Every structure is written in structure tokens, then in C-alpha cells.
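Structure at a glance
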Amino acid sequence: MSATGRLHGFESLAERRVLLTLDFVGGVTEVLSQPFTLKFATHERPGRHTPDFLVLTDGTALLIDVRPADLIKPDDAEKFAAAQRAAGAAGWTYAVVAGWRLQCWAALEALSARRRAMSDPLRLLPELLGLAAEQPRRLGELVAATSQPALARAYVLHLLWSRRLTVDLALPLGDESWVYLPRRG
């Protein structure tokens, strides 16, 4: 992860998606995979559960379980409830990631291809930021308005990944997507 500068373990593609998403949203200072095993008891029996991730950010901690919705069984709901109570007692937030909007995941995959630092000998980054500062533009129009349209798309994706430009990920990412400067503060 770019956020931590380290590799983090995951056991499924669904968990990998969570790590990639955390890297994109920013503010993450630490990620612990399978941070502890929780022991709990229900009215019927004792139980054990190991959450998938504990994520530390600048202001809070987030305990995460990852399980595709169609794989959640009744005993998983008990485990998730116990993890939620434990997280609450520690002052943490708790979440179960059970699925993705396909367009969000497709956009993050596309953006992540340009997450590494890029050299900019043609000075396209300031050109793109300047064009976006003038007014929001559709992605295709923004690329076409540059001095090097054939190269500009890769730089736009890099700026989107690094959150120097923003786009609504609730909609499919494409040439018709509106690109903006992010709000500050």
C-alpha cells in the first residue's frame, strides 16, 4: 500500500479490493491484517472470530470484516455482531464489506493502474490542473483540451488516483464523466 509503504496480507480478491480502496481514499496510517481473535459467547455456545483488518487513520480506527453477501451465513452474523460490540467498546468504527458497485470497482481498478509516481517532462500535470480549475469538464473534453491529448489520459488517471482531481465514482468512469478540482477544507 502506498499509504503504509508496506505489503499487507489478504486471503481473497474481496480483501484485496478493500486494501486497494483504503489506499485510494487516503488518510490511512496503518493496516493490520487479522489483528486479533475475538472470543465471545452467545446464549447457545462460545464463539471465536478473527476480523480481517484493523485500519488506523488520523482520527479513528476501523475494524473491517470482508465477506461477499452470498457467503454470509447465520453464524457469521453472530460473529459480526460480536465484532461490532467489541469495536464499539474500544471506540472504533466497524464495517462489513459485503459487495461492491461494479462501476466503482471498475473505476478504482482503472485508476490504480496509474497510482505510481509519474515523470512529467511535457508539464501535462499543471496544464490539466489549470484546465480543471477554470471549470469542471468531462474527462474526454479535458484530455482533448491539452497540448498532448494522446498522453493526457494517463495523467488524468494519475491525478484522479492521487485525489488532485476528482470524479463521481457512483457513475461509470468514461469520457462523459465530469472531472473537478476537489474541495479543500
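Chains are numbered independently. Their residues run from 1 in the order of the written sequence. Only residues with pLDDT of 70 or above have their local features reported here, since the model is predicted, and side-chain atom pairs are shown and tallied only from 80 upward, although totals for entire chains, interfaces and linings are computed over all residues. Each side-chain value is derived from all of the structure's non-hydrogen atoms; neither hydrogens nor water enter the calculation.

Now for the sheet that holds strand β1 (residues 28-33). One bridge is not enough; two strands pair if DSSP finds at least two bridges between them. The secondary structure listing takes helices from DSSP runs of H or I that are at least 4 residues long and strands from runs of E that are at least 2 residues long, numbered from the N terminus. Taken together, four strands build an open sheet; the order of strands is β1-β4-β5-β6 and the sheet is mixed. The two strands at the open ends of the sheet, each matched to only one other strand, are β1 and β6 (93-97). Taking each pair of neighbouring strands and ignoring which way they run, the sheet shows an average axis angle of 20 degrees. One ladder, built from five bridges, connects strand β5 (residues 61-66) with β6; its direction is parallel. Each bridged residue has a counterpart across the sheet, and for I64 the counterpart in β6 is A95. The strands touched by helix α1 (residues 13-25) are β1, β4 (53-57), β5 and β6; relative to β5, the strand with the most contacts, the crossing angle is about 155 degrees. Contacts from helix α2 (residues 74-90) reach β5 and β6, with the element oriented near 155 degrees to β6. Helix axes are fitted to C-alpha atoms over the stretch in contact, other axes to C-alpha atoms as well, and angles between N-to-C directions run from 0 to 180 degrees. A contact between two residues is defined here by any heavy atoms of the two lying within 4.5 Å.

Here D76 lies in helix α2. Within the structure, D76 has its side chain in polar contact with the side chain of R67 (distance 2.7 Å). Not counting residues up to four positions away in its chain, the partners in contact with D76 are R67 and L71. Here a polar contact is taken to be a pair of N or O atoms separated by no more than 3.5 Å, where protein atoms must pair a possible hydrogen donor with a possible acceptor and residues adjacent in sequence count only if both atoms sit in side chains.

So, about the pairing of strand β2 (residues 38-41). The rule is simple: take the accessible area with a 1.4 Å probe, protein chains only, and divide by the maximum for that residue type; under 20% is buried, over 50% is exposed, in between is partly exposed. Of the two faces of β2, the one holding L38 and F40 is buried and the one holding K39 and A41 is not buried anywhere. Here β2 runs beside strand β3 (residues 46-49); their pairing, made up of four bridges, is antiparallel. Bridged to K39 within β3 is R48. Counted between consecutive antiparallel strands, the loop separating β2 from β3 contains four residues.

It is worth spelling out the sheet that holds strand β7 (residues 137-138) at this point. On the basis of which strands lie adjacent, the open sheet formed by three strands has the order β7-β9-β8 and antiparallel pairing. The sheet is open, and its two edges are formed by β7 and β8 (166-167), each paired on a single side. Note: β7 against strand β9 (residues 178-180), two bridges, orientation antiparallel. Looking across to β9, one finds that R137 is bridged to V179.

Another point: unusual backbone geometry. In this model, R123 sits at a positive phi of 60 degrees, which is unusual for a non-glycine residue. Looking at the element boundaries, R123 is found in the loop between α3 (102-112) and α4 (124-134). A residue is classified by how much of its surface remains accessible, and R123, at 55% relative accessible area, is exposed.

For α4, every residue scored as buried is listed here: L124, L125, L128, L129, L131 and A132. An end-on view of α4 places all buried positions within 160 degrees of arc, on one side of the element. Opposite the buried face of α4, by more than 90 degrees, sit the exposed residues A133 and E134. Buried-residue contacts for α4 involve β7, α5 (139-144) and α6 (149-161). Here the arc refers to the set of directions running from the helix axis out to each C-beta atom.

Here A98 shows up in the loop between β6 and α3. Looking at A98, the relative accessible area reads 30%, which means it is partly exposed. For the pair A98 and V66, spaced 32 residues apart in sequence, the C-alpha to C-alpha distance is 6.2 Å.

Along the chain, the position of T146 falls in the loop between α5 and α6. One polar contact links the side chain of T146 to the main-chain carbonyl oxygen of V143, over a distance of 2.8 Å.

Keep in mind that these numbers describe shape and distance, not what the molecule does.
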